[in-house]
Amino acid sequence: MMQRWLLTLLAIPALALADNHADHGSDSNQDTKDALSEAYVMPVWVDAVTQVCPWKSEDAEGYIRLIRKMNDDGSHGLFVQWLRKGIAGAPTAAVSTLAVEPLEKDYLVRIEMPQPTLARDACRLKAMAEDMMNERRYEFDLLLRGPGDMQVNITRMLGGGV
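Residues numbered from 1 in each chain as written. Predicted model: local features only at pLDDT ≥ 70, side-chain atom pairs only at ≥ 80, totals over all residues. Heavy atoms only, no water.

**So, the overall build of the chain**
Within the chain, the regular secondary structure consists of four helices and nine strands. Counting only residues that meet the buried cut, the chain has 35% of its 162 residues in that class. (Helix = DSSP H or I, 4+ residues; strand = E, 2+ residues; numbered from the N terminus. Buried < 20%, exposed > 50% of the residue type's maximum accessible area, 1.4 Å probe, protein only.)

Here's what the structure looks like:
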């Protein structure tokens, strides 16, 4: 079921792009209505969506979008999606989507939306997370390069107690 929703999510253009392409003339209300209609297709498990960093390769360029999901048990999952900007009227399209696997398999945490830092050849995302069972805190550090190229490092933070 979730895989079908993920495929649906891949087809949804960013609302910001729909707004940027509107000519703000007489058709702008229709463009806004169409974008809102597409947003209602989003599954209820999508908790937050944000655009974080641009990317560029030899033959394409675009931006990275983060999708945080809410699991049935209250924990979070995170997807990283590389979107390619369309040219000559072509639509923006997702070229790669990866799940942050440790959040799916190893950690039962609630995670804040990662904050980006743009480097010369990569996008670094850092976020704090808290374990839902024992309140341990972790720092998730994601290093993103071109489409599908992601490294995940996790650091367990030490508590401040005596």
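**Regarding the state of the cysteines**
Inspection of every chain in the model, using the stated rule, returns one disulfide. Here Cys53 connects covalently by a disulfide to Cys123, the sulfurs 2.1 Å from one another. Given an S-S torsion of about 55 degrees, the disulfide between Cys53 and Cys123 has right-handed geometry. Taken together, the positions of Cys53 in strand 1 (residues 46-56) and Cys123 in strand 7 (residues 123-131) put the pair 70 residues apart, joining distant regions of the chain. Given a relative accessible area of 2%, Cys123 falls into the buried group. (Disulfide = S-S within 2.5 Å.)

**Let's talk about the sheet that holds strand 4 (residues 93-99)**
Ordered in space as 1-2-3-4, the four strands form an open sheet in which the pairing is antiparallel. The strands lining the two open edges of the sheet, one partner per strand, are strand 1 and strand 4. Direction aside, neighbouring strands of the sheet carry axes that sit 20 degrees apart on average. Bridging between strand 1 and strand 2 (residues 61-70) involves nine bridges; their strand directions are antiparallel. Note that in strand 2 the partner of Val46 across the bridge is Lys69. (Pairing = 2+ DSSP bridges. Axes fitted to C-alpha atoms, helices over the stretch in contact; angles between N-to-C directions.)

**Topic: the nonpolar core**
Of all hydrophobic cores here, the largest spans 24 residues; its most connected members are Ile64, Val80, Leu142 and Leu144. Of all elements in the fold, only strand 1, strand 2, strand 3 (76-84), strand 5 (109-111), strand 7 and strand 8 (137-144) reach the threshold of two or more residues within this core. What Val80 contacts, discounting residues up to four positions off in sequence, is Ile64, Arg65, Leu66, Ser96, Thr97, Leu98, Val100, Leu142, Leu144 and Met150. With five residues, the next largest nonpolar core counts Val46, Ile67, Phe79 and Ala99 among its residues. (Core = buried A, V, L, I, M, F, W, Y, C linked by side-chain atoms within 4.5 Å. Contact = heavy atoms within 4.5 Å.)

**Regarding unusual backbone geometry**
With phi around 55 degrees, Ala88 is a residue other than glycine that occupies positive phi space. Secondary-structure assignment places Ala88 in the loop between strand 3 and strand 4. Backbone geometry places Glu135, a non-glycine residue, at a positive phi of 65 degrees. Relative to the assigned elements, Glu135 resides in the loop between strand 7 and strand 8.

**Here's the deal with the pattern of salt bridges**
Proximity of charged atoms lets side chains of opposite charge pair with each other. Across all of its chains, the model carries five salt bridges by this definition. With its nearest N and O atoms 2.9 Å apart, the salt bridge here joins Arg124 to Asp141. Remark: Asp141 occurs in strand 8 and Arg124 occurs in strand 7; sequence separation between them is 17 residues. Ionic pairing is found between Arg137 and Glu130, a salt bridge with its closest N-O pair at 3.3 Å. (Salt bridge = Lys/Arg side-chain N within 4 Å of Asp/Glu carboxyl O.)

**Remarks on the confidence of the model for the chain**
Of the residues in the chain, 71% have a pLDDT of 70 or more, and the chain-wide mean is 78. Scored below 50 in pLDDT, residues 1-26 shows 36 contacts in the model against residues more than four places distant or in partner chains. (pLDDT = per-residue confidence, 0-100.)

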